[in-house]
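Spelled out from the first residue to the last, the chains are:
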Amino acid sequence: MTKHTLPALGYGYEALEPHIDTQTMTIHHSKHHQAYVDNLNAALDKHPSLFDKSLVDLVKELNSVPEDIRGAVRNNGGGHLNHTHFWEVMTPGGASTPSGKLLEAITSTFGSVEALKEAIATAGKTRFGSGWAWLVVDANKALKVVSTANQDNPITDGLTPILGVDVWEHAYYLKFQNRRPDYLTTWFNVVNWDVVARNYEAAL
Ligand code: MN
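Residues numbered from 1 in each chain as written. Predicted model: local features only at pLDDT ≥ 70, side-chain atom pairs only at ≥ 80, totals over all residues. Heavy atoms only, no water.

S.K.: Even after reading the chapter, I still don't get the overall build of the protein, so can you show me in this structure?
M.R.: What the protein contains, in helices and strands, is 8 helices and 3 strands. Taken from N to C terminus, the helices and strands of the protein fall in the order α-α-α-α-α-β-β-β-α-α-α. Taking 17 Å as the expected radius of gyration for a compact globule of 204 residues, we find that the protein reaches 17 Å, a close match to that expectation. Overall, the C-alpha framework of the protein stretches about 45 × 40 × 30 Å when taken along its three principal axes. (Helix = DSSP H or I, 4+ residues; strand = E, 2+ residues; numbered from the N terminus. Rg over C-alpha atoms; globule rule 2.2 N^0.38 Å.)

Structural data, given as structure tokens:
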């Protein structure tokens, strides 16, 4: 039985400056993400056999989670999974723009990389309240942009997320206050398209 743990960031809290500020990164990772991990473990303590299940499988098969902890696993398992993904797609030093197969798919689906960014930003801006905007691969291997509420992850709906952006206020409020659209525009400066390309290949 292994409890879930907070994954280390692959870079420092200051690494995404000036786009994403150090204080936001520190609180977001060490407090918010840590809380999702702790609350997930607390829920699973009531059904310890579920510690043998991977995080992805827990969130993918939410309906098989016992009802008394399903809500907690949805929120906190989703929160753990979403944030783990989020830190990975923001690693600095990677490709600053898509290339190869991923670029071909983006161009044929959305017209251009700019149009894709626009679609993701619109999904994030129009998500009322807290949630996420995603680039996903659907069951037909097609690219799609979707958004989810709260800490829901598209894998629960049979979609494979390859790029997700957190639009909860805690992700941007210290630096951008109410300006979620500015945060979304800025965020694309720190996307690591190498990781997105790897996620895309894995989803195909
Ligand atoms: Mn968050």
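Now that the structure is up, let's keep going.
S.K.: Could you clarify how one ought to interpret the coordination of the manganese ion in this entry?
M.R.: Protein coordination of the manganese ion is provided by H28 (NE2), H83 (NE2), D166 (OD) and H170 (NE2), with donor distances spanning 1.9 to 2.1 Å. On the primary sequence, the residues serving as donors to the manganese ion are separated as H-x54-H-x82-D-x3-H. Of this pair, H28 sits in helix α1 (residues 22-44) while H170 sits in the loop between β3 (160-166) and α6 (173-176); the two residues are 142 residues apart in sequence, bridging distant segments of the chain. The two residues H28 and H170 agree in class, both being buried. (Donors = N, O, S within 2.8 Å, 3.2 Å for Na, K, Ca; no water. Buried < 20%, exposed > 50% of the residue type's maximum accessible area, 1.4 Å probe, protein only.)

S.K.: Help me out: how do you make sense of the pattern of salt bridges in this one?
M.R.: A side chain with one charge can pair with a side chain of the opposite charge if their charged atoms come near. Counted by the stated rule, this structure contains 5 salt bridges. Two residues, D152 and R74, come together in a salt bridge whose shortest N-O distance is 2.9 Å. Taken together, the positions of D152 in the loop between β2 (143-149) and β3 and R74 in helix α3 (residues 67-89) put the pair 78 residues apart, joining distant regions of the chain. For K117, the salt bridge goes to E114, with nearest N and O atoms at 3.7 Å. Of this pair, K117 and E114 both sit in helix α5 (residues 113-126), 3 residues apart, which is roughly one turn of that helix. (Salt bridge = Lys/Arg side-chain N within 4 Å of Asp/Glu carboxyl O.)

S.K.: Quick question: what am I supposed to make of the nonpolar core here?
M.R.: What tends to happen in soluble globular proteins is that the nonpolar side chains get buried as a cluster. Grouped together as the largest cluster of nonpolar side chains are 46 residues, with contacts concentrated most on M90, I162, L163, Y183 and W187. By residue number, the principal contributor to this core is strand β1 (residues 131-137), which donates 6 residues. Residues from two domains meet in this core; each of domain 1 (22-89) and domain 2 (100-203) gives at least three. One finds L40, F51, L62 and I69 within the second-largest nonpolar core, a separate group that totals 14 residues. (Core = buried A, V, L, I, M, F, W, Y, C linked by side-chain atoms within 4.5 Å. Domains from an automatic or database assignment.)

S.K.: Just to check I follow, could you spell out the sheet that holds β2 for this structure?
M.R.: Two modes of strand pairing occur in sheets, parallel and antiparallel, and in both the strands are linked by backbone hydrogen bonds. A sheet is described by the order of its strands in space; here 3 strands give the open sequence β2-β1-β3, paired in antiparallel fashion. The open sheet has two free edges, formed respectively by β2 and β3, since each of these has just one partner strand. Going across the sheet, the axis of each strand differs from the next one's by a mean of 25°, ignoring polarity. The pairing of β1 with β2 spans 7 bridges and is classified as antiparallel. Residue pairing in the sheet places V136 in a bridge with K144 of β2. Against the sheet, helix α4 (residues 100-110) makes contact with β1, β2 and β3, and its axis sits at roughly 80° relative to β2, the strand it touches most. Along the sheet, α5 makes contact with β1, β2 and β3, crossing β2 at roughly 15°. (Pairing = 2+ DSSP bridges. Axes fitted to C-alpha atoms, helices over the stretch in contact; angles between N-to-C directions. Contact = heavy atoms within 4.5 Å.)

S.K.: What is the right way to read α1 from this model?
M.R.: Since one α-helical turn is 3.6 residues long, residues separated by three or four positions face the same way. With 23 residues, α1 should cover 33 Å at 1.5 Å per step; its first-to-last C-alpha distance of 32 Å lies within 8% of that length. Taking the largest bend as the criterion, α1 deviates by roughly 30°, centred on H28. Summarising the contacts, the buried residues of α1 are in contact with α2 (55-60), α3, β3 and α6. (Expected span 1.5 Å × (residues − 1). Bend = angle between axes of the 7 residues up to and from the residue.)

S.K.: I'm lost on the pairing of β1 in this one. Help?
M.R.: Put simply, side chains in a regular strand alternate between the two faces of the sheet. Of all 7 residues in β1, 7 are buried, a share of seventy percent or more. Side chains G131, A133, L135 and V137 project from β1 onto one buried face, and the interleaved W132, W134 and V136 project onto a second face that is buried too. Following β1, the chain reverses through 5 residues before pairing antiparallel with β2; K141 in that reversal takes a positive phi of roughly 70°.

S.K.: Just checking my understanding: could you explain the side chain of R180 for this structure?
M.R.: Along the chain, R180 falls in helix α7 (residues 180-187). At a separation of 3.2 Å, a polar atom in the side chain of R180 contacts the main-chain carbonyl oxygen of V167. Residues contacting R180, with those up to four places away along its chain left out, are G124, K125, R127, G129, V167 and Y172. (Polar contact = N/O pair within 3.5 Å; in protein donor to acceptor, adjacent residues only side chain to side chain.)

S.K.: Explain α4 to me, please; I cannot follow it from the model alone.
M.R.: For α4, the full list of buried residues reads L102, A105 and I106. Down the axis of α4, the smallest arc covering the buried residues is 100°, so these residues share one side. Opposite the packed face of α4, turned more than 90 degrees from it, sit the exposed residues E104 and S108. Summarising the contacts, the buried residues of α4 are in contact with α5, β2, β3 and α8 (193-203). G111, located one to two residues past α4, shows a positive phi value of around 105°. (Arc of directions from axis to C-beta.)

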